[in-house]
Amino acid sequence: MATTEEGKTVFDVEAANVLSKELRDVFASGKTRSYEWRISQLKSIVKMCDEHEEDIADALRQDLSKPQLESIVYELTMVKNSCTLAIKELKHWMMPEKAKTSLTTFPSSAEIMSEPLGVVLIISAWNYPFLYVHRKVLNFIAFIVHAITTSLISLFLVLSLDPLVAAIAAGNAMVLKPSELAPASSSLLAKLLPKYLDCCSIKVVEGAVSETCALLEQKWDKIFYTGNGRVGRIVMAAAAKYLTPVVLELGGKSPVVVDSDIDIQVATRRIIVGKWGCNNGQACISPDYIITTKDCAEKLVDSLKKELEAFYGKNPLESKDLSRIVNSDHYARLTNLLDEDKVSGKIVYGGERNEANLRIAPTILLGVPQNSLIMKEEIFGPLLPILTVSKIEDSFDIINSGTKPLAAYLFTNNKKLKQQFLMSVSAGGVVINDTALHLTVHSLPFGGVGESGMGSYHGKFSFDAFTHKKAVVYRSFVGDASVRYPPYTRGKLRLMRALITGNVWTILRALLGWS
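Residues numbered from 1 in each chain as written. Predicted model: local features only at pLDDT ≥ 70, side-chain atom pairs only at ≥ 80, totals over all residues. Heavy atoms only, no water.

- Labelled according to an unreviewed UniProt entry, the protein appears under the name Aldehyde dehydrogenase, originating from Salix suchowensis.
- Here is the UniProt Sequence similarities (unreviewed entry) comment for the protein, exactly as written: "Belongs to the aldehyde dehydrogenase family." (UniProt positions renumbered as here; feature names shortened; annotations may be inferred.)

In structure tokens, the structure reads:
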């Protein structure tokens, strides 16, 4: 570590190199591979969450003004559920999986071993903190990262600890880099994790762009990044130097298609809780825009207005059930989206702002142009545009004209439309007649496709994300056939060809010289 003139230690490339070597030595010792070590760490995370529930909720309140219910239900409970599932299933996950063999290798047996990858790096987002970079371009990257990291927000605890749980369950050593944009949560994690977890095998590095860049210059066995696509490209470029595999949990414009023949009240309530009830729209799976038919739009807007007022009152800027915008840069970005000439006159509900408190009220916009800024980038905030089409099937073309989203939602009772939607729309995940709930189903993979990400996790998929599936074949010294050894003959060729096919009748014909 370097020391500045003020006497502060700086986490630089040299420090990152030392840290990486220390973790490789720990992993090489075999310490993290044992079942007992993995279980003890997972139980310690549960204990930490139980003993510091109020501290964690308070940190999230400082960073995002996040309501206590959202902090406990969407952050703490989800993390504890991930630990509980891993503790329950870990022995089964670690057991080698038997694999079939063929006549080609007879006599033999085979299995697939789940092997820890080694030393991994987890870079988390700020919205849900608790769930090769050449030096000549570091300044450019620093500018880019600082300018755009605020454009992706989700669950800080979940997005920090859920991958950590997975990496531990898989038996790796690791570094967690929490987001500097959630300073209270990041500081709390840096304080608590060394107290509860094995600080020799699990490291936390706080800091901003320079620290992240220093970490990215090191060789890792996997990088797990949660954020947006532009920074994801930087992470992927850094990983390419060492051919390091990556999981990228990004975002995108997640659409909601609303058919006319539905229970409109239930639909709007579920849209609201998925949009504004998840960190006030600052979530990677938050509904980004709605598409509905022209004859349904007015009814949908009226229902949204009614339910929003019921949930957040007549002055939502004062509601304690809505998170604030994470910082002034992100607030300014959202304000620019609203103030664009093409958009400013399209507000049909909300639009109120309080810059001093970084609050923007839930805002509905109707009939915004598709070439407006609000429709070109992920909103990641409390703004919800509504587009109208003549027939609901036209929504597929609008969705497919953009990049593939992390999530896509459809509200309908029409079975044919459901199938058309599933066949026509490519997305990381799809929910029919609700929003965001797929995130809570551990038997489903959670991840993106195309520009919304690569790789997936949750439940067993999390364990697999940090594991190498090693193929193993066992043989004895009996049954050694000379047919595979030189000198080669036509008879050996005939028999080897038959053995490779695995067909018993073909092998018999070859042995008898019939083919």
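There's plenty left to go through after this.
1. Quick look at the sheet that holds strand β20 (residues 453-454)
Then comes step 1: Spatial strand order, β7-β6-β5-β8-β9-β20: six strands in an open sheet with mixed pairing. Two strands lie at the open edges of the sheet, namely β7 (202-204) and β20, each paired on one side alone.
Then comes step 2: With two bridges connecting them, strand β9 (residues 246-249) and β20 associate as antiparallel partners. Looking across to β20, one finds that Glu-249 is bridged to Gly-453.
Then comes step 3: Across the sheet, helix α8 (residues 209-216) lies against β5 (119-123), β6 (173-177) and β8 (222-226), angled at about 155° from β5, the strand it touches most. (Pairing = 2+ DSSP bridges. Helix = DSSP H or I, 4+ residues; strand = E, 2+ residues; numbered from the N terminus. Contact = heavy atoms within 4.5 Å. Axes fitted to C-alpha atoms, helices over the stretch in contact; angles between N-to-C directions.)

2. Some words on the packing of helix α2 (residues 35-51) against helix α4 (residues 68-94)
Then comes step 1: Between α2 and α4, the least distance of the axes is 9 Å, while the angle of their chain directions is 165°. One element, α2, and the other, α4, form an angle in the roughly antiparallel class. Note that α2 runs across α4; the crossing there is left-handed. Together, Tyr-35, Arg-38, Ile-39, Leu-42, Lys-43, Ile-45, Val-46, Cys-49 and Asp-50 of α2 and Leu-76, Val-79, Lys-80, Cys-83, Ala-86, Ile-87, Leu-90, Lys-91 and Met-94 of α4 make up the contact between the two elements.
Then comes step 2: The residue inventory of the contact of α2 with α4, partitioned by class, reads 13 nonpolar, no polar and five charged. (Parallel < 35°, antiparallel > 145°, perpendicular 65-115°, else oblique. Left-handed = near helix turned anticlockwise from the far one by under 90°. Nonpolar A, V, L, I, M, F, W, Y, C, P; charged D, E, K, R; others polar.)

3. Examining the state of the cysteines
Then comes step 1: A complete count under the given rule lists zero disulfides for this structure.
Then comes step 2: Here Cys-278 is not cross-linked by a disulfide; its sulfur's nearest cysteine counterpart is in Cys-284, at 9.4 Å. (Disulfide = S-S within 2.5 Å.)

4. Details of the pattern of salt bridges
Then comes step 1: Counted according to the given criterion, the structure contains 17 salt bridges.
Then comes step 2: Among the ionic pairs, Glu-115 bridges to Lys-470, the shortest N-O distance being 2.6 Å. (Salt bridge = Lys/Arg side-chain N within 4 Å of Asp/Glu carboxyl O.)

5. Topic: the packing of aromatic side chains
Then comes step 1: Counted by the stated rule, this structure contains six aromatic pairs.
Then comes step 2: Seen from their ring centres, Phe-224 and Tyr-457 are 4.9 Å apart, and the 80° between their planes marks the pair as edge-to-face. Of the two residues, Phe-224 is situated in strand β8 and Tyr-457 in strand β21 (residues 456-457); the sequence distance between them amounts to 233 residues.
Then comes step 3: Classification of Phe-224 by relative accessible area gives buried; the value is 0%.
Then comes step 4: On the basis of an interplanar angle of 20° and a centroid distance of 5.8 Å, the ring pair of Phe-224 and Phe-466 is categorised as stacked. (Phe/Tyr/Trp six-rings, centres within 6.5 Å; stacked < 30°, edge-to-face > 60°. Buried < 20%, exposed > 50% of the residue type's maximum accessible area, 1.4 Å probe, protein only.)

6. A short note on the environment of Cys-49
Then comes step 1: In this fold, Cys-49 is placed in helix α2.
Then comes step 2: Along the sequence, Cys-49 and Lys-98 sit 49 residues apart, while their C-alpha atoms lie 37 Å from each other.

7. Let's talk about the nonpolar core
Then comes step 1: Core analysis: the largest hydrophobic core is formed by 74 residues, its most contacted members being Ile-45, Leu-164, Ile-168, Val-258, Ile-285, Ile-290 and Phe-466.
Then comes step 2: With eight residues, the top contributor of residues to this core is helix α6 (residues 156-169).
Then comes step 3: Core analysis: the second largest hydrophobic core is formed by 29 residues, Tyr-331, Leu-334, Ile-399 and Ala-408 among them. (Core = buried A, V, L, I, M, F, W, Y, C linked by side-chain atoms within 4.5 Å.)

8. Section: a nonpolar patch on the surface
Then comes step 1: Judged by side-chain polarity, Leu-103, Phe-106, Val-504, Trp-505, Leu-508, Leu-511, Leu-512 and Trp-514 come together as a nonpolar surface patch covering roughly 900 Å² of accessible area.
Then comes step 2: Along the chain, the position of Trp-505 falls in helix α18 (residues 504-511). (Patch = residues over 30% accessible without salt bridge, like charges linked within 9 Å, V, L, I, M, F, W, Y side chains within 5 Å. Areas by Shrake-Rupley, 256 points an atom, 1.4 Å probe, with all protein chains shown as cover.)

9. Examining the environment of Ser-482
Then comes step 1: Along the chain, Ser-482 turns up in the loop between β22 (467-474) and α17 (490-501).
Then comes step 2: C-alpha separation for the pair Ser-482 and Lys-492, spaced 10 residues apart in sequence, amounts to 8.9 Å.

10. A look at unusual backbone geometry
Then comes step 1: That bond from Phe-106 to Pro-107 is cis: its omega, -5°, falls within 30 degrees of zero.
Then comes step 2: As for its placement among the helices and strands, Pro-107 is situated in the loop between β3 (97-99) and β4 (109-116).
Then comes step 3: Residue Pro-486 is joined to Pro-487 through a cis peptide bond whose omega torsion reads 0°.
Then comes step 4: Mapped onto the elements, Pro-487 comes out in the loop between β22 and α17.
Then comes step 5: The backbone of Ser-65 shows a phi angle near 55°, a positive value even though the residue is not glycine.
Then comes step 6: Residue class for Ser-65 comes out partly exposed when judged on its relative accessible area of 21%.

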